[in-house]
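Fold and geometry: a report
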Amino acid sequence: MSESVSEAEIAGTAERAHVVAEPECDPAAPAPLNLPRTPTGDAEVDARLARLADADHLATDGHVEVYEDVHRGLRDALTALDARPGPPGHPF
């Protein structure tokens, strides 16, 4: 018995392995955009921006709820900045 394997057998095995290893592609399935999100340094704002990743796993009609939630949270964070006492202003 010979232990050598022909190049044709190796190529055939590689082709079969390649076909089996490929995942099925569903063009209608949600696909992540993989957009980078740069941290802002504000934990509350960063948490809201991280929530945007939830839209990656939803169909398009589910994005609106995520975007509105993030928008509402960011608006609340900005509004809270106005409510914080700051340094005294110059009386003119």
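Right, let's get into the overall build of the chain. Along the chain, the regular secondary structure elements total three helices and zero strands. Put simply, the chain runs from its N terminus to its C terminus through helices and strands in the order α-α-α. Across the 92 residues in the chain, those meeting the buried criterion constitute 11%. A fraction of 36% describes how many contacts in the chain between residues 6 or more apart in sequence connect residues 24 or more apart. Within the structure as shown, the chain displays about 8100 Å² of accessible surface, and the carbon and sulfur contribution to it stands at 60%.

What follows covers the environment of arginine 51. Looking at where arginine 51 falls in the secondary structure, it is placed in helix α2 (residues 43-51). Judged by relative accessible area, which is 24%, arginine 51 ranks as partly exposed. Taking the C-alpha atoms as reference points, arginine 51 and aspartate 69, separated by 18 residues in sequence, lie 8.6 Å from one another.

To continue, consider the pattern of salt bridges. What the rule picks out here adds up to four salt bridges. In this structure, arginine 48 and aspartate 69 form a salt bridge, with 3.7 Å as the shortest nitrogen-oxygen distance. Residue arginine 48 is found in helix α2, and its partner aspartate 69 is found in helix α3 (residues 60-83); the two are separated by 21 residues along the sequence. On the basis of relative accessibility, which here comes to 19%, the residue aspartate 69 falls in the buried class. Put simply, arginine 51 and aspartate 54 hold a salt bridge, and the shortest N to O gap is 2.7 Å.

Calculation criteria
- Positions within a chain are numbered from 1, following the residues in the order the chain's sequence is written.
- Given that the model is predicted, a residue must reach a pLDDT of at least 70 before its local features are reported, and side-chain atom pairs must reach 80 or more before they are shown or counted; all residues, however, enter totals for whole chains, interfaces and linings.
- Calculated side-chain values reflect all of the structure's heavy atoms, with hydrogen atoms and water omitted.
- Only DSSP runs of H or I with at least four residues qualify as helices, and only runs of E with at least two residues qualify as strands; both kinds are numbered from the N terminus onward.
- For each residue, the accessible area found with a 1.4 Å probe, counting protein chains only, is set against the maximum for its type, and the residue is called buried under 20%, exposed over 50%, and partly exposed in between.
- In this description, contact between two residues means that some pair of their heavy atoms is separated by no more than 4.5 Å.
- All accessibility values rest on the Shrake-Rupley procedure with a 1.4 Å probe; residue burial counts only the protein chains present in the view.
- We count a salt bridge whenever a side-chain nitrogen from Lys or Arg sits within 4 Å of a carboxyl oxygen from Asp or Glu.

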